[in-house]
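Report on the structure
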Amino acid sequence: MKTQIDHLVVVAQTLEQGVQWCEATLGITPGPGGEHAQYGTHNRLFKIATPSHPLAYFEIIAINPDAKKPANALAKRWFDMDDAALQAAVATAPRLVHFVANTDDIQAARIALKAQGIDRGPAVHASRHSRRGVLQWQITVREDGQRLFNGALPSLIQWGKPDAAEPLRLHPRNSLPRSGVTLQGITVTHPTAAKLQAAYDAIGLGGIPLAEGPANITATLQTPKGLVELHSHGI
């Protein structure tokens with residue numbers, strides 16, 4: 001299976017704070033995004049693609065205060081957004097908390113992780129409107145909303161309808177202009193690095209240096225403000 005970085009996930013307490021943080025930290029105003037009715041969230045996006053990471057974009061996401069409550073009041077939002085520790089961490093400033101990996105066979109990737117003793121969660125169908133049409137995808141979301149490995153094990157995403165002939169035609173990167181920000185790379189440290197490396201290998205995810213140490217995701221970005229490093233700091 002082919003797996004690569006799809007997008008970075010920065011959680012903000014409010015989307016307005018996320019925009020202000022982006023302007024101050026990265027030197028650009030993020031582009032428009034959309035709403036996710038299933039989870040009561042909304043986002044802003046911008047492209048960070050390079051030849052090494054051709055699909056990469058950046059997501060700033062926050063709980064939408066105007067969203068209707070889900071029918072299932074016990075349902076957890078994706079990316080641990082209902083977790084008290086994460087909410088406390090982003091109360092002062094938005095934080096890189098996760099990344100999502102694009103795969104061409106999400107079911108095979110889920111099975112590969114289960115063989116490693118890891119339940120990444122079911123592949124949930126989702127969609128939202130964009131300027132170029134309806135974006136449709138499948139993404140792994142656990143019922144408890146947990147990211148796993150302090151966010152360092154990516155959620156899995158597969159774009160397009162399951163039977164689409166051109167699944168990446170309607171991918172966010174195709175409707176996002178160049179932003180002036182590019183992803184130079186991601187590095188990860190984690191106390192259980194060996195188990196995490198085995199999970200990366202199982203889904204065919206390469207190009208992410210991984211070492212044993214305190215839990216942290218580091219994303220290095222070239223920006224109008226120069227080279228910027230974002231850290232998850234184990235949240």
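With respect to the helices and strands, the residue H7 is situated in strand β1 (residues 3-11). Given a relative accessible area of 3%, H7 falls into the buried group. Looking at H7, its side chain comes within polar contact range of the side chain of D6, at 2.8 Å. Side chain to side chain, H7 and Y57 meet in a polar contact 3.2 Å long.

This part takes up the nonpolar core. Within the largest apolar cluster, 44 residues are counted, with the highest numbers of intra-cluster contacts made by L8, F58, I186 and Y200. Sort the elements by how many residues they give to this core and helix α4 (residues 193-203) lands first, with five residues. Excluding residues within four positions of it along the chain, F58 makes contact with L8, V10, W21, L26, R44, L45, F46, I48, L221 and L230. Judged by nonpolar contacts, the second largest core, of 24 residues, contains Y57, A89, V124 and W159.

Our focus in this paragraph is helix α1 (residues 15-26). Its twelve residues place the ends of α1 16 Å apart at the C-alpha level, agreeing with the 16 Å of an ideal helix rising 1.5 Å per residue. Within α1 the residues assigned to the buried category are L15, G18, V19, W21, C22 and L26. Down the axis, α1 shows its buried residues gathered within 165 degrees of arc, on one side only. Pointing more than 90 degrees away from the buried face of α1 are the exposed residues E16, Q20 and A24.

This part is about the pattern of salt bridges. Opposite charge on two side chains allows them to pair when their charged atoms are near. Summed over the entire model, instances satisfying the criterion amount to three salt bridges. With a closest N to O distance of 2.8 Å, D80 and R147 form a salt bridge. On the criterion of sequence distance, the pair formed by D80 in the loop between β4 (57-63) and α2 (84-89) and R147 in the loop between β7 (133-140) and β8 (155-159) is long-range, its members being 67 residues apart. A single burial state applies to D80 and to R147, both of which are buried.

On to the environment of E59, then. With respect to the secondary-structure elements, E59 resides in strand β4. Residues E59 and L113, 54 residues apart in the sequence, show an inter-C-alpha distance of 25 Å. Dropping the residues within four chain positions of it, E59 is found in contact with H7, L8, V9, V10, H36, N43, R44, L45 and F79. Here the side chain of E59 touches H7 through a polar contact of 3.3 Å, side chain to side chain.

Throughout the structure, instances matching the rule amount to five aromatic pairs. With a centroid separation of 4.4 Å and 25 degrees between ring planes, the pair formed by Y39 and W78 is classed as stacked. Of this pair, Y39 sits in the loop between β2 (31-36) and β3 (41-47) while W78 sits in the loop between β4 and α2, and the two are 39 residues apart along the sequence. W78 matches Y39 in its accessibility class, with the two residues each being buried. Chaining the aromatic ring pairs together yields one cluster made of W21, F46 and F58.

What follows covers empty space enclosed by the protein. Where empty space is left can be seen by rolling a probe of water-molecule size over the atoms. Per the stated rule, a full pass over the model turns up two cavities of 30 Å³ or more. Space inside the largest cavity adds up to approximately 120 Å³. The wall of the largest cavity is formed by 15 residues, among which H36, Y57, E59, W137 and W159 lie closest to the centre. When residues of the lining of the largest cavity are traced back to their parent elements, those giving at least two are β3, β4, β7 and β8. In terms of residues, the lining of the largest cavity owes the most to one element, β7, which gives three residues. When the residues that make up the lining of the largest cavity are grouped by side-chain class, the tally is ten nonpolar, three polar and two charged. For the second largest cavity, the calculated volume is near 50 Å³.

Reading guide: rules and limits
Residues numbered from 1 in each chain as written. Predicted model: local features only at pLDDT ≥ 70, side-chain atom pairs only at ≥ 80, totals over all residues. Heavy atoms only, no water. Helix = DSSP H or I, 4+ residues; strand = E, 2+ residues; numbered from the N terminus. Buried < 20%, exposed > 50% of the residue type's maximum accessible area, 1.4 Å probe, protein only. Polar contact = N/O pair within 3.5 Å; in protein donor to acceptor, adjacent residues only side chain to side chain. Core = buried A, V, L, I, M, F, W, Y, C linked by side-chain atoms within 4.5 Å. Contact = heavy atoms within 4.5 Å. Expected span 1.5 Å × (residues − 1). Arc of directions from axis to C-beta. Salt bridge = Lys/Arg side-chain N within 4 Å of Asp/Glu carboxyl O. Phe/Tyr/Trp six-rings, centres within 6.5 Å; stacked < 30°, edge-to-face > 60°. 1 Å grid on protein atoms, 1.4 Å probe; cavity = no way out; pocket = protein on both sides within 12 Å on 5 of 7 lines; lining within 4 Å. Points joined across faces, edges and corners; volume = space filled by probe spheres on them. Nonpolar A, V, L, I, M, F, W, Y, C, P; charged D, E, K, R; others polar.

By themselves these figures say nothing about function.
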